[in-house]
Amino acid sequence: MRINLVKFLNFLFLLYIPIDCINGLIIRSTDISISSIFKTLILILLIKFFFDKKIYKPLYFFIVFLIFYFIRSFSLTSSSLDFMWGIKFISIVFSYFYFRYLVTNRDYKILFYLAYSSFFIIVFNVFVGSLGYGYQQYSREGIGTRGFFYAGNELGVLLISTCFIILSKYNVENNHFKFYVYSLVAIVCSSFLTTKSSILGVVILVTVIPLINFKFNLSELKLSRSSFKFLLFSSFILFFVFPLFVYFILFELDLISRLSTYYYRFDIFTLIFSGRDLALNEVTELYNNMASAYNLYFGVGFDWLLNNLGHSVELDFVDFFLIFGILGLIWIFICLKYIYSDIKILNFKLFPFKKLVLFFFFFLLVLSSLSGHVFNSGLAGYMIGLCFSLSHIQYSIK
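Throughout what follows, the structure given in this document is the object of discussion. Values in this document were obtained by computation on a predicted structure and should not be read as measured data.

Some details on the overall build of the chain
When helices and strands are tallied, the chain shows 17 helices and two strands. Residues counted as buried form 53% of the 398 residues belonging to the chain. Restricting to contacts in the chain with at least 6 residues of sequence separation, those with at least 24 account for 73%. Accessible surface, the chain: about 19,000 Å² in total, of which carbon and sulfur atoms supply 67%.

In structure tokens:
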């Protein structure tokens, strides 16, 4: 019996987030990561899919990375962690091309099934965490929850990505009620996660997505019906929900204590970057004293960061530069530039998600420059690629 590869891959993608959630329980007691094994299987099957369908561009990007990794291995001790950083990024490229293929073949319902299932799994974990189960987001301060997920920061990016897909769908459909309901649920979830990226990310999406398609007839000074509803909802959010939201996060969840520590012990920049600016200053000094001209082009590797800093800087492009050097960073920018160009050429009148996806593309660029685990997220990588592929849907979803 021959297995339908597309159906099998779709099934695996539906299991992707539940497996990662289960992995969060297992990895704390053992060194075995079932999530890594599962993601490797998906990667292999995607490569087979691209060969079968003669979709070679994502394979070219992958082959270039393999050649680069192989060359640097001769003169630099490359660990499996370096390779995994590259694989996490290539998962975005692979998933974009895979879901783009589904969309262009009118088989895009799985995109929204994946978004809904992931969103509800996050809601479930936040609910369980709010009852005292699972794991805290910041265990040292006893603040926030991540449910049973292992990677807290990546969970925030996953929430933002699933929120973007769902809210964009209802915005294109002009389904205001569901847009508002999911917005409120997402705001509550982000407040319990208590990461600045998830909180601000969700608030920005809830505010900006309707503005992108905001319709106002300047000559007649008229608002469209959908725009009028948006103004009413925005007023409700701004003057009622948002103040309660801020109070709840700062004082009830005690995020104010963590923010105060950064502000009073350091400065406003340390508060904004959650201490990443301090790590950047430290690693810059170490890099200037220890790195060679070769490292400038091929990087110093993740082991160097662990041995000298103890962790990554958690600023995506800084980490990519340190691990893979200028050549690796150029490879990443070429991949992102190709995806951007592939989206930009679309006609907005035929592809209603285009402007929303372009906004989200640049939003992620900014987010990755302020925090880490965006373009190197093992948890959210495939969902980010899915977000980009929405741009190729040619009409409103019914």
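Considerations on the packing of helix H6 (residues 152-173) against helix H17 (residues 381-389)
Relative orientation and spacing of two packed helices are given, respectively, by the angle between their axes and the distance between those axes. Between H6 and H17, the shortest axis-to-axis distance is 9 Å and the interhelical angle comes to 25°. Compared by their axis directions, H6 and H17 come out roughly parallel. Seen along the crossing, H6 lies across H17 with a hand that is left-handed. Where H6 abuts H17, its residues Val157, Leu158, Ser161, Thr162, Phe164 and Ile165 lie against Met383, Ile384, Leu386 and Cys387. Its residues placed into classes, the contact of H6 with H17 shows eight nonpolar, two polar and no charged.

Regarding empty space enclosed by the protein
A full pass over the atoms with the stated rule returns two cavities of 30 Å³ or more. Taken as a whole, the largest cavity encloses approximately 80 Å³ of empty space. Phe13, Tyr16, Ile17, Phe99, Leu114, Ser118, Leu379, Ala380, Tyr382, Met383 and Leu386 are the residues that line the largest cavity. Counting residues per element, the ones that place at least two in the lining of the largest cavity are helix H1 (5-26), helix H5 (109-130) and H17. Of the residues assigned to the lining of the largest cavity, the class counts are ten nonpolar, one polar and no charged.

Digging into the packing of H6 against helix H16 (residues 354-370)
It is the contact of H6 with H16, at a shortest axis distance of 11 Å, that shows an interaxial angle of 160°. With respect to each other, H6 and H16 are oriented roughly antiparallel. In this structure, H6 crosses over H16, and the sense of that crossing is right-handed. Residue-level inspection shows Ile160, Ser161, Phe164, Ser168, Asn171 and Val172 of H6 in contact with H16, the latter providing Leu356, Val357, Phe360, Phe363 and Leu367.

Quick word on the packing of aromatic side chains
In the structure shown here, the tally under the stated rule is 43 aromatic pairs. The interplanar angle of 20° and the centroid separation of 4.7 Å between the aromatic rings of Tyr294 and Phe298 together place this pair among those described as stacked. Here the residue Tyr294 and the residue Phe298 both occupy positions in helix H13 (residues 293-298), the gap between them amounting to four residues, near one helical turn. Through pairs of rings, three or more aromatic residues link up here, namely Phe65, Phe68, Tyr69, Phe83, Trp85, Phe89, Tyr294, Phe298, Phe302, Phe320, Phe324 and Trp331. The ring of Phe112 carries Lys169 above its face, with NZ or CZ at 5.7 Å from the centroid.

So, a nonpolar patch on the surface
Nonpolar side chains collect at one region of the surface, where Phe51, Tyr56, Tyr60, Ile63, Ile67, Phe70 and Ile71 lie side by side and expose about 720 Å² of accessible area between them. It is helix H3 (residues 57-75) that contributes the most residues to the nonpolar patch, five residues altogether. Inspection of the secondary structure puts Phe51 in helix H2 (residues 34-53).

Examining the nonpolar core
Core analysis: the biggest nonpolar cluster contains 121 residues, and Tyr98, Phe164 and Phe388 have the highest contact counts within it. The residues contacting Phe164, other than those within four sequence positions of it, are Leu205, Ile209, Leu356, Val357, Phe360, Cys387 and Leu390.

Re helix H7 (residues 176-193)
At 3.6 residues per turn, the α-helix brings residues three or four places apart onto the same side. Taking 1.5 Å per residue, 18 residues should reach 26 Å; H7 reaches 26 Å between its end C-alpha atoms and fits that length. The complete set of buried residues in H7 reads His176, Phe179, Tyr180, Tyr182, Ser183, Ala186, Ile187, Cys189, Ser190, Ser191, Phe192 and Leu193.

Structural notes on the environment of Leu200
You can see Leu200 is positioned in helix H8 (residues 196-212). Residue Leu200 is classed as exposed on the basis of its relative accessible area, which comes to 53%. Measuring from C-alpha to C-alpha, the distance between Leu200 and Ile187 comes to 9.3 Å, with 13 residues separating the pair along the chain.

Cut-offs and rules
- Residues numbered from 1 in each chain as written.
- Predicted model: local features only at pLDDT ≥ 70, side-chain atom pairs only at ≥ 80, totals over all residues.
- Heavy atoms only, no water.
- Helix = DSSP H or I, 4+ residues; strand = E, 2+ residues; numbered from the N terminus.
- Buried < 20%, exposed > 50% of the residue type's maximum accessible area, 1.4 Å probe, protein only.
- Contact = heavy atoms within 4.5 Å.
- Areas by Shrake-Rupley, 256 points an atom, 1.4 Å probe, with all protein chains shown as cover.
- Axes fitted to C-alpha atoms, helices over the stretch in contact; angles between N-to-C directions.
- Parallel < 35°, antiparallel > 145°, perpendicular 65-115°, else oblique.
- Left-handed = near helix turned anticlockwise from the far one by under 90°.
- Nonpolar A, V, L, I, M, F, W, Y, C, P; charged D, E, K, R; others polar.
- 1 Å grid on protein atoms, 1.4 Å probe; cavity = no way out; pocket = protein on both sides within 12 Å on 5 of 7 lines; lining within 4 Å.
- Points joined across faces, edges and corners; volume = space filled by probe spheres on them.
- Phe/Tyr/Trp six-rings, centres within 6.5 Å; stacked < 30°, edge-to-face > 60°.
- Lys NZ or Arg CZ within 6 Å of the ring centre and 35° of its normal.
- Patch = residues over 30% accessible without salt bridge, like charges linked within 9 Å, V, L, I, M, F, W, Y side chains within 5 Å.
- Salt bridge = Lys/Arg side-chain N within 4 Å of Asp/Glu carboxyl O.
- Core = buried A, V, L, I, M, F, W, Y, C linked by side-chain atoms within 4.5 Å.
- Expected span 1.5 Å × (residues − 1).

So yeah, pure geometry; function would need other evidence.
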